[in-house]
Amino acid sequence: AQSVSQHNHHVILSEAASLELGCNYSYGGTVNLFWYVQYPGQHLQLLLKYFSGDPLVKGIKGFEAEFIKSKFSFNLRKPSVQWSDTAEYFCAVNNNFNKFYFGSGTKLNVKP
Amino acid sequence: DAGITQSPRYKITETGRQVTLMCHQTWSHSYMFWYRQDLGHGLRLIYYSAAADITDKGEVPDGYVVSRSKTENFPLTLESATRSQTSVYFCASSETSQPQHFGDGTRLSIL
């Protein structure tokens, strides 16, 4: 069965630290990959997405993610986090059967 | 205003009661989705709809019923609520099968 794994459930960083959140998926066919962010008390927003082409995807607010097909991974990165990046981050995968799956989320706390 | 609206925002009810959560979008998006968000599980798809009168099960459909008689509305009904259905419910809409716009959520508590 299709699954999406986010192994880091809770990450605490200081401002200006670099961020990398892991995301692995299990589906072997063609996939589209997404990262969503949920700021405290708000709804989910799309951060970035990968459909095809350059495996390094740039998103909003300085985030980027790299698709590594051989590792079934789509890790999210940001070189220097800010306090305003405190949020929960969800990886998601869409396979070619039009099923869409979310990971369990990673809570990021950035200390000022 | 254009957007996606969920109602109610908060609901407390008792086991065995029927509860309907409403979702309305103003974009005429084809796709609409219902997710539940629980600690340790992230978002799990309950049902989705690709168009009016077309609905399909997601990962966790048991205990839920949906309908889509009009493109803009996608109500979710718990026919006989159970404590395990205590959760935060999010509706979403999109022009594609990838959910793009999410509502603010309904926090449902079942006592």
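Residues numbered from 1 in each chain as written. Chains lettered and ligands numbered in written order. Predicted model: local features only at pLDDT ≥ 70, side-chain atom pairs only at ≥ 80, totals over all residues. Heavy atoms only, no water.

> Is there a simple way to think about the interface of chain B and chain A in this case?
In many analyses, interface size is given as the accessible surface area lost on bringing the parts together. Listed as interface residues are 20 residues of chain B and, on the opposing side, 19 residues of chain A. When chain B packs against chain A, the two sides together hide about 1,500 Å² of surface, and 52% of this comes from carbon and sulfur. On the chain B side of the interface with chain A, the three residues burying the most area are L43, Q98 and F102 of chain B, jointly 32% of the side's total. One can count 0 salt bridges joining chain B with chain A. Our count for the contact surface shared by chain B and chain A stands at 4 residue pairs in polar contact (both at pLDDT 80 or more). (Contact = heavy atoms within 4.5 Å. Buried area = accessible area lost by both parts, 1.4 Å probe. Salt bridge = Lys/Arg side-chain N within 4 Å of Asp/Glu carboxyl O. Polar contact = N/O pair within 3.5 Å; in protein donor to acceptor, adjacent residues only side chain to side chain.)

> I'm lost on the packing of aromatic side chains in this one. Help?
Two numbers describe a pair of aromatic rings. These are the distance of the centres and the angle of the planes. This structure, assessed with the given rule, holds 16 aromatic pairs over all chains. Seen from their ring centres, Y50 of chain A and F67 of chain A are 4.7 Å apart, and the 35° between their planes marks the pair as tilted. Here Y50 of chain A, found in strand 6 (residues 44-50), pairs with F67 of chain A, found in strand 8 (residues 64-68); they are 17 residues apart in sequence, far enough to count as distant. Members of the aromatic cluster, joined through ring pairs, are F34, Y36, F51, F90 and F102 of chain A together with Y31, F33, Y35, Y48 and F102 of chain B. The aromatic ring of F74 of chain B is capped on one face by R68 of chain B, whose charged end is 5.9 Å from the ring centroid. (Phe/Tyr/Trp six-rings, centres within 6.5 Å; stacked < 30°, edge-to-face > 60°. Helix = DSSP H or I, 4+ residues; strand = E, 2+ residues; numbered from the N terminus. Lys NZ or Arg CZ within 6 Å of the ring centre and 35° of its normal.)

> Help me understand the sheet that holds strand 3 (residues 19-25) of chain B in this model?
The strands making up a sheet associate through hydrogen bonds between their backbones, and the pairing can be parallel or antiparallel. All names here are of chain B. Strand order in the open sheet formed by 4 strands is 1-3-8-7, and the pairing between neighbours is antiparallel. The sheet is open, and its two edges are formed by strand 1 (4-7) and strand 7 (64-66), each paired on a single side. Each neighbouring strand pair of the sheet contributes to a mean axis angle of 15°, computed without reference to strand direction. With 3 bridges connecting them, strand 7 and strand 8 (residues 76-78) associate as antiparallel partners. Residue Y64 lies in a different strand from strand 8, and its bridge partner there is L78. (Pairing = 2+ DSSP bridges. Axes fitted to C-alpha atoms, helices over the stretch in contact; angles between N-to-C directions.)

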